[in-house]
Amino acid sequence: MSKNLYHILGVSKTASEAEIKSAYRQLARKYHPDVNKDNKEAADKFKEISAAYDILGNKEKRQKYDNNEIDDEGKPTGFGAGFGAGGFNSTGGNPFGGGAGGFDFSSIFGEDIFSQFSGGQSRGFSGFSSRTSRPRKGEDIAYNLRVDFLDAALGAEKKINLSGKVVNVKIPSGTTDGQTLRLKGLGQPSINGGENGDVLITINVNKHPYFEAQGLDIHLTLPISFKEAVLGGKITVPTISGKVNVNIPAYSTSGEKLRLKGKGIKNKNGIGDEIITLQIMAPKNKNPDLEKVLSSMEDEHIRSF
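Residues numbered from 1 in each chain as written. Predicted model: local features only at pLDDT ≥ 70, side-chain atom pairs only at ≥ 80, totals over all residues. Heavy atoms only, no water.

Draft legend 1. Layout of the packing of aromatic side chains. A full pass over the atoms with the stated rule returns four aromatic pairs. Here Tyr24 and Tyr53 contribute two aromatic rings whose centre-to-centre distance is 4.2 Å and whose plane-to-plane angle is 5°, an arrangement assigned as stacked. Residue Tyr24 is found in helix α2 (residues 17-31), and its partner Tyr53 is found in helix α3 (residues 40-56); the two are separated by 29 residues along the sequence. By the burial criterion, Tyr24 is buried, and Tyr53 matches it. (Phe/Tyr/Trp six-rings, centres within 6.5 Å; stacked < 30°, edge-to-face > 60°. Helix = DSSP H or I, 4+ residues; strand = E, 2+ residues; numbered from the N terminus. Buried < 20%, exposed > 50% of the residue type's maximum accessible area, 1.4 Å probe, protein only.)

Quick look at the structure:
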């Protein structure tokens, strides 16, 4: 029974060359015998789609097929049938020579797909061309590590367990949330003599109750009382490296900023500052004396609207 090659690849008769190639790539990846061990049905399907692509993937053969000059096996129809003439020859030649119309399987599976499944020397399948495999780097291992804000800001060392092996991970100062650290050569070994893969550690940084990092600078919102805002004074504030005393200027306003030089993150890129944003907090409890003083004051025009 005649087969429709377009149906086999799951494309329409008007499909472009790129669409046909893309459909074949997907099917070849799915049904390739090296990824379907001892599966005769998959092997048969792979032969079928490869034979279809051998014709539809070749511009000249496809035109002959569309014009009914050759059949679904690539054999001439009508006069001259049985004499080879393109496609499969009458002497039983390999229909997959060179890999389905010269298709390069390394574009589907990577450079050494056959060596990955067979090891060492590539073994062909049903006549596909094979070659000596080249050393291929081992697979990388992905790992997520959650750290405290201060560990990320100041730098720290953490121990992690990789397949039963304890590994020290150095967290550089200034590490940001989502940043990836690479441990060279600690990933999966190569299967054909290449270098080991790496371990890729994604850092997840916990939020801090009052610090926020912006580049190398540390930002802090500092609540101050109404009295501190008016009269000013010395206040003890936290930094990532310890507490320090800060002078609040008299008659300060919410939103004003103070800068503590060199109290930010320090690493190879430089030294940041701590930026303090003042936030005046109104009294929560009723204070008749304060109300009396404020009532006696003249109104100030502080709004421009």
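Draft legend 2. Focus on the packing of α2 against α3. Across the interface, α2 lies against α3 with an axial gap of 9 Å and an inter-helix angle of 160°. In terms of axis orientation, α2 runs roughly antiparallel to α3. When the axes of α2 and α3 are compared, the crossing they make is left-handed. On the side of α2, the interface is formed by Ile20, Lys21, Tyr24, Leu27, Ala28 and Tyr31, while α3 contributes Ala42, Lys45, Phe46, Ile49, Ser50, Tyr53 and Leu56. Per-class residue counts for the contact of α2 with α3 are ten nonpolar, one polar and two charged. (Axes fitted to C-alpha atoms, helices over the stretch in contact; angles between N-to-C directions. Parallel < 35°, antiparallel > 145°, perpendicular 65-115°, else oblique. Left-handed = near helix turned anticlockwise from the far one by under 90°. Contact = heavy atoms within 4.5 Å. Nonpolar A, V, L, I, M, F, W, Y, C, P; charged D, E, K, R; others polar.)

Draft legend 3. Region of the structure containing the nonpolar core. One finds Leu145, Val169, Ile201, Ile203, Val237, Ile248 and Ile276 to be the most contacted residues of the largest nonpolar core, which totals 33 residues. Apart from the residues within four sequence positions on either side, Ile248 is in contact with Leu222, Ile224, Glu228, Gly232, Gly233, Ile235, Leu258 and Leu278. In terms of nonpolar packing, the next biggest core, distinct from the first, is built from 21 residues, Leu9, Val11, Tyr24 and Ile49 among them. (Core = buried A, V, L, I, M, F, W, Y, C linked by side-chain atoms within 4.5 Å.)

Draft legend 4. Quick look at the environment of Asp198. Mapped onto the secondary structure, Asp198 falls in the loop between β4 (180-183) and β5 (199-205). Owing to a relative accessible area of 0%, Asp198 belongs among the buried residues under this scheme. When the C-alpha positions of Asp198 and Gln188 are compared, they lie 7.3 Å apart, and in sequence the two are ten residues distant. Those residues in contact with Asp198, other than ones at most four positions away along the chain, are Lys137, Glu139, Asp140, Ile141, Arg182, Leu183, Lys184, Gly185, Leu186 and Gly187. Within polar-contact distance, the side chain of Asp198 engages the backbone nitrogen of Gly185 at 2.8 Å. (Polar contact = N/O pair within 3.5 Å; in protein donor to acceptor, adjacent residues only side chain to side chain.)

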